[in-house]
Amino acid sequence: MAKPFNYDYGNTVVYRDNYVYINDQQYATPEVYYQQAETIAESIPQDVEPEQVEWMPLGVFALAEEGANDSGMMLQLAVSKEGILAGTFYNDITGSDRPVEGMVDQKSQRAAWRFADGKNTDILMETGIYNLTEEEATALVHFGPDESQTWLMVRLDQPEENN
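Please read all numbers here as calculations on a predicted model, not as lab measurements.

*Asks:* I keep staring at unusual backbone geometry and nothing clicks. Help me out?
*Replies:* Backbone phi values are negative for most residues with the exception of glycine, while trans is the configuration of most peptide bonds. For D17, which is not glycine, the phi dihedral falls at a positive 55 degrees. Unusually for a residue other than glycine, D24 sits at a positive phi of about 65 degrees. Locating D24 in the fold gives a position in the loop between β2 (19-22) and β3 (25-28). The exposure class of D24 is exposed, given its relative accessible area of 60%.

Set out below in structure tokens:
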């Protein structure tokens, strides 16, 4: 098993001079980095029977653009042992929810997902799988290959069970 890697967007993963740098090493152009995330998100194995998938909840996260206080956006995610990601994106302001799906790349530990309803197909979100175990972590939201923003993911507490 590879050592957990924290993708800290804005610090260890930065966009500078038309390149993406990871730990101060030039890694790829923004377009290539986006294409990699797209490939990861779309790499869901087709031979897995949906009813056979065992899901492990990763949690519910509040999402906000860096520097914003509250966006009213939340994301609930779960992962399967195959590395499949599934969940729901919820926008409290519009009252809408949308399914998301994606995949975890075992080698790079990048987790990438997109809306599963066929709308806004150029929007991708990614973070490291390790980041999804933290209380607070950064994520990268790609609005197509030419624009990306660093967002903050904050784990929300589980509601207490009423007996």
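*Asks:* Looking at this model, I keep getting lost on the side chain of N91. Mind explaining?
*Replies:* If you trace the backbone, N91 turns up in strand β6 (residues 84-91). Once residues within four sequence positions are removed from consideration, N91 is found in contact with G72, M73 and S96.

*Asks:* Sorry if this is basic, but what is going on with the sheet that holds β2 here?
*Replies:* In any sheet, the strands associate via hydrogen bonds between backbone groups, in a parallel or an antiparallel arrangement. Strand order across the open sheet formed by three strands is β1-β2-β3, with antiparallel pairing between neighbours. Strand pairing shows two members of the sheet lacking a second neighbour, β1 (13-16) and β3, which therefore form its edges. Within this sheet the neighbouring strands show an average axis-to-axis angle of 40 degrees, counted without direction. Sheet topology note: the β1/β2 ladder contains four bridges and is antiparallel. Counterpart to R16 in the pairing with β2 is Y19.

Definitions and limits used
- Residue positions are given per chain, counting from 1 as you read along its sequence in written order.
- Where totals are concerned, whole chains, interfaces and linings use all residues; where local detail is concerned, this predicted model gives features only for residues with pLDDT of at least 70, and gives and counts side-chain atom pairs only at 80 or more.
- Side-chain calculation: all heavy atoms of the structure are included, whereas hydrogens and water are not.
- Secondary structure elements follow DSSP: runs of H or I of four or more residues count as helices, runs of E of two or more count as strands, with numbering from the N terminus.
- Buried, partly exposed and exposed residues are distinguished by accessible area as a fraction of the type maximum, computed with a 1.4 Å probe on protein chains only: under 20%, between the cut-offs, and over 50%, respectively.
- Contact between two residues is taken to exist if any of their heavy atoms lie within 4.5 Å; hydrogens are not considered.
- Two strands make a pair as long as DSSP finds a minimum of two bridges between them.
- Between N-to-C directions, angles span 0 to 180 degrees; the directions come from axes that are lines fitted to C-alpha atoms, helices contributing only their stretch in contact.

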